[in-house]
Amino acid sequence: MGIDELRRLVGKLSLEQKVRLLTGATPWRLPAEPAIGLRSIVMSDGPVGVRGEHWDERDTSLVLPSPTALAATWSPPLVERLGRLLAAEAGRKGVDVLLAPTLNLHRSPVAGRHFECYSEDPWLTAWTGAAYVRGVQAGGVAATAKHYVANDSETERMTLDARMSGRALRELYLVPFEAAVHAGVRVVMSAYNGVNGVPMSESPLLSAPLKDEWGFAGPVVSDWGAVRRTVESARAAQDLVMPGPRGAWGDALVAAVRTGAVAESAVDDKVLRLLRLAAEVGALGSPAAAPATGSTASTVDGGGLLREAVAASAVLVRNTGVLPLDPASLRRVAVLGWNAGTARIQGGGSAGVYPVAPVSPLDGIRAALAGAADVVHAVGAYPADLPTPLDPATARDPRSGEPGVLVRVLDAEGTELHAERRLSGRIIEPAHASGARTVEIQALLRPGVSGEWRLTVGGWGPVSLTADGRQLVDEDIAVDTEDPATVHLSPSYRSGMLALTEGEDVHLVARRELVAGTGVATLLAADPPRRRAVEELETAVELAASADVAVVVVGTTDEIESEGFDRTTLALPGGQDELVRAVAGANPNTVVIVNSGGPVLLPWRDEVPAVLLSWFPGEQAGHGLADVLFGAAEPGGRLPTTWPAATADVPVLDTRPAGGVLEYAEGLDIGYRAWLASGAEPAYWFGHGLGYTTWSYEDISVSELDGHACSVRIRLRNTGSRPGREVVQVYLSRPSGPGGYPTRWLAGFAAVTAPAGDVVDAVVDVPVRLVQRWSAQGWTLEPGTITVHAGRSAAELPLTATIAV
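As a starting point, this report considers the structure included with it. (Residues numbered from 1 in each chain as written. Predicted model: local features only at pLDDT ≥ 70, side-chain atom pairs only at ≥ 80, totals over all residues. Heavy atoms only, no water.)

What follows covers the overall build of the chain. Along the chain, the regular secondary structure elements total 19 helices and 35 strands. Computed over C-alpha atoms, the radius of gyration of the chain comes to 27 Å, within 12% of the 28 Å expected from 2.2 N^0.38 for 805 residues, which places it in the range of a compact globule. Principal axes of the C-alpha set define a box for the chain whose edges measure 80 × 80 × 50 Å. The buried share of the chain, taken over its 805 residues, is 60%. Looking at the chain alone, contacts between residues at least 24 apart form 75% of all its contacts between residues at least 6 apart. A total accessible area of about 28300 Å² is found for the chain, and carbon and sulfur atoms account for 50% of it. Counting 69 positive and 93 negative side-chain charges, the chain places the centres of these two groups 3 Å from one another. (Helix = DSSP H or I, 4+ residues; strand = E, 2+ residues; numbered from the N terminus. Rg over C-alpha atoms; globule rule 2.2 N^0.38 Å. Buried < 20%, exposed > 50% of the residue type's maximum accessible area, 1.4 Å probe, protein only. Contact = heavy atoms within 4.5 Å. Areas by Shrake-Rupley, 256 points an atom, 1.4 Å probe, with all protein chains shown as cover. Lys, Arg positive; Asp, Glu negative; His and termini not counted. Charge placed at Lys NZ, Arg CZ, Asp CG, Glu CD.)

Structure below.
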């Protein structure tokens, strides 16, 4: 549909009709307008899966590895394939707009949403994000570049003002968004925070460079609840307000136009951008029939691709020769750690989805060694203390007797308005019912062991919990946060202890009253008695000593790495460091898998023969990791962010605003750039990662290339005994000069494969932008000599050449 036709449709609408289209009709839908053939546009959170419009554990989704893992693949083609898989999932669920990718940077390793962003490097983020956009949009679904811009940490994220130089803004934080626009992204999401004194929903950055300079033609949607002022945001290039149906525009915006405070032409441009999006996703005119929705299980065949992605993103940071393991030589394998049996496949927060059939590392290893070796497991340590929601394996609906829980919605008199069986004791969205005042969860819990159980109710406001009529909790929990992710997804909880007998059912009833502004999420959880920590550790050590090899899976939890807050420590929680050291002391063949979304400290890293980083690997975690452990696949990942050896060495750490202001005083030096400038040595450098073969870098040459700064050719040889893949990285450096430059910066990369003994050439074409700097005059190229470095990480660069500009 052409621009003239879209303008004609805008002209058919009254001011009230136009303004109505600019605020959501529901939390996830934009309004329809039959007068111009516009149906409702459906949005859904991403980026690791497509949840759809509702939080309902019965509506499952395929779960990709975390964005940090995708960047660790250093493979835009693989990321593009995964984007196409998400588009198919979106089509299955009737979703038009996927609210992903997240293009903010890893400025500090303590940032709570680190796992949802790609990298500390702007260009690796840009290339990965652009591939994600291309893949999603190839399937007819709109991608959303978020959070524009500098939403790089969680502390005071709703209000903080990120202060930075124009050069840092242009050369770092805007780079991935510009790449997304050039890749054709159809939606951009403005961030909660401000930049240089102006909230992003009111920022001139929405006009320039986003629309005026880069030519972005789609709408800018707000982050949920980010638009707070009517006139200021409407005068800016903010186009859509979410969620609906309430918001800062509506009647207030109509009045502002009537009084001349906001030009009607500005409203027209916002509607035009919305209609362009609608036309692109088939929501305007007479589109093809919408895909069927409501399926309770994923019908998209993505298991093989997701398994491939786990192996491709796994980063082997240390290996003294124990990996890959030979299944034929194994008779007994000890798989140890909390995360081994309950893998953390995704990060916490608004991007969460319900997986189809998650595979833990324990399950994956057992499947790989079925019939060949005995696989034993012990927890070894307790990293998490969050309550465990009831599930069909532990509870039954007392009304039907079927596995699950009974969820009832009651009015003020206690009359049942709605009741249904659900599959989890964590109910984020109970059924909506007019007049609802209370959410109740009932269950028959059959204890698997005797002892003191911890029984828990969660929710804001008045909550209560009874067990066989005995009152365990009766309290009014005050809301202690303004962060919407915490209010609506992770309410506070209260627990009571009760002695239960194995096999004897107990009837649990949890209730929370619904109070305005506190969400509706309700929790009923039960945790069995735990053995003492020393006993768990002793059991793990005994199993390790009896095994041919010990695999220890350590990691973070929702308590320390999630949306809504930044981390207070980089240390692993709950005695996991002690577990690794004890197991390594009992078995010299110890492999450690690190299951975290971002960097953690590994004080024992030189005391074990192998360390494998899995990130949050998605639902095929266990199978993909088993492929790597037993050599069916090579670990393909390279670090997209630097991992520190000690917190004190991290050059950019603090994310706490002072007086509401977060100073980006480090300028261009974040990530490996800052490490190089500081002179400190991290545990593992950006770009580092081992395969199952070895490589020698033999030659480098640089030539001119039209439209590029240069073309770099690197010759390398596979010096190992098996075929493999290498990610050849090119960095640039130059004398500081009057403008100042980072010590070194990534300029491109290429992945190559070769059989054992073969020579292969990698070619990296360096864009002109990578040799330019931003100044008051715009993008400029300073004459002089640039050194080209090539190698396998930001610190291991054996080849150099020079170019004159």
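Now that the structure is up, let's keep going.
At a minimum axis separation of 8 Å, helix α5 (residues 122-138) and helix α7 (residues 175-182) run at an interaxial angle of 30°. If you check the angle between α5 and α7, you find them roughly parallel. With respect to the hand of their crossing, α5 and α7 are arranged in right-handed fashion. Facing α5, whose interface residues are P122, W123, T125, A126, A130 and V133, α7 presents V175, P176, A179 and A180. Of the residues assigned to the contact of α5 with α7, the class counts are 9 nonpolar, 1 polar and no charged. (Axes fitted to C-alpha atoms, helices over the stretch in contact; angles between N-to-C directions. Parallel < 35°, antiparallel > 145°, perpendicular 65-115°, else oblique. Left-handed = near helix turned anticlockwise from the far one by under 90°. Nonpolar A, V, L, I, M, F, W, Y, C, P; charged D, E, K, R; others polar.)

The next thing to look at is the side chain of S66. Examined against the element boundaries, S66 turns out to sit in the loop between β1 (43-45) and α3 (67-72). S66 sits in the buried class, given a relative accessible area of 1%. Not counting residues within four places of it along the chain, the set of residues in contact with S66 comprises V48, F115, W615 and F616.

Mapped onto the elements, A485 comes out in helix α15 (residues 484-489). Residue A485 is classed as buried on the basis of its relative accessible area, which comes to 8%. For A485 and A351, which are 134 residues apart along the polypeptide, the C-alpha to C-alpha distance reads 9.8 Å. In contact with A485, not counting residues within four places along its chain, are R157, S490 and E563.

Ranked by internal contacts, the top residues of the largest apolar core, which has 65 residues, are Y132, Y148, V149, Y173 and V185. When residues of this core are traced back to their parent elements, those giving at least two are α3, α4 (76-92), α5, β3 (142-148), α6 (166-173), α7 and α12 (303-313). The biggest single contributor to this core is α4, with 7 residues. Apart from residues no more than four positions distant in its own chain, Y148 is found in contact with L174, F177, V188, M189, S190, A191, M200, L205, L206, P209, L210 and W214. Y672, Y731, A794 and L799 belong to the second largest nonpolar core, which has 50 residues in total. (Core = buried A, V, L, I, M, F, W, Y, C linked by side-chain atoms within 4.5 Å.)

What follows covers the sheet that holds strand β30 (residues 745-754). Strand order in the open sheet formed by 4 strands is β30-β29-β34-β35, and the pairing between neighbours is antiparallel. With one partner strand each, in any of the chains shown, β30 and β35 (799-804) form the two edges of the open sheet. Averaged over neighbouring strand pairs, the angle between their axes works out to 20° when direction is ignored. Where strand β29 (residues 724-733) meets strand β34 (residues 785-791), 5 bridges bridge the pair, whose relative direction is antiparallel. Within β34, the residue paired with V730 across the bridge is A790. (Pairing = 2+ DSSP bridges.)

A few words now on the packing of aromatic side chains. What the rule picks out here adds up to 16 aromatic pairs. Plain terms: the ring middles of Y148 and F177 are 5.2 Å apart, the flat faces sit at 85° to each other, and that makes the pair edge-to-face. Residue Y148 is found in strand β3, and its partner F177 is found in helix α7; the two are separated by 29 residues along the sequence. Classification of Y148 by relative accessible area gives buried; the value is 0%. Of the residues examined, F177 reaches a relative accessible area of 1% and is grouped as buried. Between the aromatic rings of W774 and W779, the centroid separation amounts to 5.3 Å while the plane-to-plane angle is 70°, which identifies the pairing as edge-to-face. (Phe/Tyr/Trp six-rings, centres within 6.5 Å; stacked < 30°, edge-to-face > 60°.)

This part covers unusual backbone geometry. Omega for the peptide link from K146 to H147 comes to -5°, which places this bond in the cis form. Mapped onto the secondary structure, H147 falls in strand β3. Phi at W74 takes a positive value of approximately 45°, unusual for a residue other than glycine. Here W74 lies in the loop between α3 and α4. The phi angle at A150 is positive, at roughly 65°, despite the residue not being glycine. By the element assignment, A150 lies in the loop between β3 and β4 (161-163). The buried category is assigned to A150, whose relative accessible area is 2%.

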